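Close look at the chain arrangement
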Amino acid sequence: MSLFDILFKRHKNKQGNKKTEEELFEQDEISKQYFTNLKKNKNQLKNLFQDTFDFNIDSIKIADQEACVCYLGTMLDKDALTNKVLNAAKSSSKQSLLMDIEEIRDTYFPTCAFEYADNFHKVVWQVLNGYAVIMVDGQKKALALEIGNKEHRAIMEPSTQTIIRGPKESFVENINTNISLVRRRIKNPRLTFESMIIGRDTKTTVAIGYIGNIMNEDILNEVRNRLKKVDIGGVLDSGNIEEFIKDKSFTPFPLTFNTERPDSICGHILEGKAAIFVDGSPFVLTVPSVLTDFFQSSEDYYQPFLMSSFIRAIRYISFMVALVLPSLYVALSTFHQELMPTQLLVSIQAQREGVPFPAVIEIFIMELTFEVLREAGVRMPRAVGQTVSIVGALVIGQAAVEAGLVSNVLVIVVAFTAIASFVSPIYNFSISTRLLRFILILCAAVYGLYGVLLFLIVMVIHLVSLRSFGVPYLAPIAPFKLEDQGDVFVRLPLWTNRTRPTYLYTKSPIKKEGSGKPSPPMQKGGG
Amino acid sequence: MKRKCLLILVMVAFVLTGCWDSVELNDIAIVTGMAIDPGEDKKYRLTLEYMNPANFSKTSSQQGAPVSTMVQEGNSIADLAGKVNVGASRQLVFSHTRVLFINEKIAEEGILGFLDGLERSAPFRNDFNILITKSHKAEDYVKINNPLEKVPSLKLQKQAKSFAEGWGGDPKVVLSDFIDALISKGRNPVTNTVVLKGDPEKGSKQESNMSNGREALILFDGLAVFDNEKLAGYLSLDDSRNYMWTQDLKQTTLTFPCHDHGDSAKEKQYVNVRVPNSRTKMETYYRNEQPVLKVNIYTEAQIIETQCSDDLTKIDTFKKLEKNAEKYIEESVGRTISKTQKEYGVDIFGFGEALYRQDYKKFKDVEDDWNKEFARAEVVVSAKVQIRRAGTKSKSFLTELSDGMEE
């Protein structure tokens, strides 16, 4: 057993996690009893897995005792299994000592990862997990061995959150690989992963990762409680979990941060947040998360701070642009012509000559066309990707203008809005701007700038009311925390950043002592 | 249920009460200039100049004139502005009005009649230029084409801005300044005037843009001096720059003689300086019941051109030139002030306001007769000029030429 396994198990037991694999099977009406009689156990298993072609029960003889190996052939490496079990059977055939199951393991499988199953639920669980379970006649426990692994995707570069400078690894679907990616970066015995199983039908492993002496205990308990309360049939991605643990469902803003970047997760864990790993999903959640998290990329900390601060400003501006630019266009051109410079007004007016629609209809047509294009672009097969983008660009950019259906300046507005909405480092944050944009356009069409401002006020009120695991969503802007401002709108040099975010109320608020400002060595005697 | 009903009601109210003042860009025409003449039958004759957006389109062929005009007669400007669709197809938007041309005949009778309407109305910005037209009808001024600026009024506005920045010849009087001066007891309004040179009939044709020479051109022609709301008279273009010296003129170009000798203007040699920065302070006080108007001008300058052979590497030359410049400014500004005192007897400079700031009690005593006080006041102009630079050449070749001749 590796160090990782020890830590993993230890904490699992310590927390006394109630939802264990055994309990999960109770609702499936599977009996729990493990018999000492091998035949009965075999029959029980056969009844359970009866029609599955990949379920195997192979009878063998170990240490002169009747035994059998049961496993799902599709879940493990059959060659490795044959090697291990065959060797054991071979070498034990020479001896005729009677051994109990622990001795068998010690003698024949000393290097294998293993687990004992003393009830039938555990046996089923391990079989489903891709273990080979060895049941020996007359023994009270079965031995589950981890055999060489199932196929999974290799670690690759992130596909949705790319950066230029920084680690190029990304999470994969396997939860153990993902946890190891984090452990490799944080060598700290207090880094803890608690696992639990969620999903009535899928029984997916979910792990909470945090650093014990940093993370606030109350928030951590809240995370545990919410995860325990999740009652769902199947968990296929962390997105399923996200919807159950959100503080508020009816909001366009994401209340949990998600990323496929291990370095980004490590950063969050070090700040005092909890990461939620879901087996089968390369996207890991962190909670609690605040609005400003979605404007920060891990690359901000790898590039010079001046550049990062500038880029952050660009992100905040882009957010506003993506949100209000189309509605500003509608408001200014239909209500407040006096607010535009004369030359600009004439230029826009000249382009709108002959356009048959009112400005609001015009912009709705274009925005919807763009949303359709975007959706088609994401879903279409790679092979036809070119076609859609060419047709899209031609239809949107040129044909519509030349046909006189929309004006040139509107195409610029829509295009700029669209590009600005892609600037957020976290893709699902742009969803909020996409949805709110349409409401804003309506407000602008009905009331002009007054309507836009009215809606923005409502939006801010909504934002202020949001909480993520009890932490105000707008922290550290509202409530305003001066100590945290060095890493919000600008990123000050790392050596100035001495504290963890105060709004997380961590157990060790000070990251490091002293200023640590870099400077050349002092010359003695006045140089 | 109650909450849902309430929510629906609020949303319905929100939608139903909206849109009442929305207007599509296709349905408006932007007014850029207005001209007011005396009407033949009615009180006023209003000409509105509005842009034809199709002409400004980059994609479609640029057809039609850049502006159209619409002439009506009526007894009030507001009435005319409201009735304009008797002939125009689109709703007119007045928020981009840039220039208001007022026929001098109207100005002589007084312009209070429509200033209030312009200031009161929300669509009008109060930052448009007010210009008095000296020749022709004001109506003609909004029709004169120019190949550089398609819209006559925008051309005039830009012209005024450039003239103010380049030579300091535009007093930058917009509606709000005009009204401020009108209600102030220590100041009377002035505005710029324009004159039309050439044939307005030809100048209003698009073809005139095809020739290099201008068939008709609008020029600035000095200041119009108002006695309250009525036009009192004019000051020349030179006087209008002198007026600007008293009003914190920022930039100008100044030509003054470098020597005292030489009698007629032809014999004199001149030096030309550019003033990039200048400050003015006005003081008004009483000395033994005699009002004194004092103008302190502090100016920096750099030499642009010289016609005399003085050695510009010597500091004495600069000192001499500075002294000459000071003398020139003092004389010319003093001349303009006394001319105004004698000819019009109205304080267009704001000396009364200076007194108001410096000696409030005294001003309260004289405020009703301030123009009389102004007319009998003693004028003191003191200028301080500092010539900082002499361009890219220190010694003029003229100096070397004259050195050679002396040898």
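Residues numbered from 1 in each chain as written. Chains lettered and ligands numbered in written order. Predicted model: local features only at pLDDT ≥ 70, side-chain atom pairs only at ≥ 80, totals over all residues. Heavy atoms only, no water.

Focus on the sheet that holds strand S4 (residues 131-136) of chain A
All names here are of chain A. Stated precisely, the cut-off is as follows: Note on pairing: two strands pair once DSSP finds at least 2 bridges between them. Helix and strand assignments come from DSSP, with helices taken as H or I runs of at least 4 residues and strands as E runs of at least 2, each series counted from the N terminus. Here, axes are lines fitted to C-alpha atoms. For helices the fit covers the stretch in contact, and angles between N-to-C directions go from 0 to 180 degrees.
Strand order in the open sheet formed by five strands is S1-S2-S4-S5-S3, and the pairing between neighbours is antiparallel. If you trace the sheet from one side to the other, it starts and ends with strand S1 (55-62) and strand S3 (114-117), each paired once. Across the sheet, the mean angle from the axis of one strand to that of its neighbour is 25 degrees, orientation sign disregarded. Bridge count between S1 and strand S2 (residues 65-72): eight bridges; the pairing is antiparallel. Opposite Asp58, over in S2, you have Val69 as the bridge partner.

Concerning the pattern of salt bridges
Heads up, the condition is: One side-chain nitrogen of Lys or Arg within 4 Å of one carboxyl oxygen of Asp or Glu is enough to make a salt bridge. Here's how the labels work: a residue is buried when its accessible area is under 20% of the maximum for its type, exposed when over 50%, partly exposed in between, all with a 1.4 Å probe on protein chains only.
Inspection of the entire model under this criterion finds 46 salt bridges over all chains. In this structure, Lys143 of chain B and Glu139 of chain B form a salt bridge, with 3.1 Å as the shortest nitrogen-oxygen distance. Residue Lys143 of chain B is classed as partly exposed on the basis of its relative accessible area of 25%. When salt bridges with common partners are traced through the structure, they connect Glu367, Glu371, Arg374, Arg434 and Arg437 of chain A into a single cluster.

Some thoughts on the packing of helix H3 (residues 38-48) of chain A against helix H6 (residues 120-128) of chain A
Packed helix pairs are characterised by how far apart their axes lie and by the angle those axes make with each other. Residue and element names in this part refer to chain A. As a reminder of what qualifies: Angle categories are assigned with fixed cut-offs, so that under 35 degrees is roughly parallel, over 145 is roughly antiparallel, 65 to 115 is roughly perpendicular, and the rest are oblique. Left-handed is the label given to a crossing in which the near helix is rotated counterclockwise from the far helix by less than a right angle, and right-handed is the label when the rotation is clockwise. Any two residues whose heavy atoms approach within 4.5 Å are treated as being in contact.
In the contact formed by H3 and H6, the axes pass within 12 Å of each other and the chain directions differ by 55 degrees. Relative to H6, the element H3 is oriented oblique. Here the hand of the crossing between H3 and H6 comes out right-handed. Taking contact as the criterion, the partners of Asn41, Gln44, Leu45 and Leu48 in H3 are, on H6, Phe120, Val123 and Val124.

Remarks on the sheet that holds strand S10 (residues 252-257) of chain B
All names here are of chain B. Pairing is mixed in the open sheet, where four strands are placed in the order S10-S11-S12-S13. The sheet terminates laterally at S10 and strand S13 (378-389), the two strands that pair on one side only. Across this sheet, the average inter-strand angle for adjacent strands is 40 degrees, counted without regard to direction. Inspection of the sheet shows strand S12 (residues 290-306) paired to S13 by 11 bridges, in the parallel sense. Following the sheet pairing, Gln302 is matched in S13 by Arg389. Running over the sheet, helix H10 (residues 315-343) touches S10, strand S11 (270-287), S12 and S13 and is turned about 150 degrees from S13.

Considerations on the state of the cysteines
As a reminder, the rule being used: Working definition: a disulfide is two cysteine sulfur atoms within 2.5 Å of each other.
Applying the stated rule across the entire model yields one disulfide over all chains. Paired through a disulfide, Cys258 of chain B and Cys308 of chain B show a sulfur-sulfur distance of 2.3 Å. Here Cys258 of chain B is found in the loop between S10 and S11, whereas its partner Cys308 of chain B is found in the loop between S12 and H10, with 50 residues between them in sequence. On the basis of relative accessible area, Cys258 of chain B is assigned to the buried category, the value being 0%. Cys19 of chain B takes part in no disulfide bond, and the closest cysteine sulfur, belonging to Cys443 of chain A, lies 11 Å away. The class for Cys19 of chain B is partly exposed, based on a relative accessible area of 38%.

Examining the domain arrangement of chain B
Residues and elements named next belong to chain B. Rule in force here: Residue ranges labeled as domains rest on an automatic or database domain assignment. Buried area: the sum, over both parts, of the accessible surface (1.4 Å probe) that disappears when the two are put together.
If you check the domain split of chain B, you get domain 1 (24-235) and domain 2 (238-407). Between domain 1 and domain 2, the C-alpha centre-to-centre distance is 33 Å. Each partner contributes to the interface: domain 1 provides 24 residues, whereas domain 2 provides 28 residues. When domain 1 packs against domain 2, close to 2,000 Å² is buried across both sides, 55% of that on carbon and sulfur atoms. Considering only the surface of domain 1 that becomes buried against domain 2, Trp167, Arg187 and Leu235 emerge as the three largest contributors, covering 32% of it. Along the contact surface separating domain 1 from domain 2 lie three salt bridges. Here Arg187 and Glu353 are joined by a salt bridge, their closest N and O atoms 3.1 Å apart.

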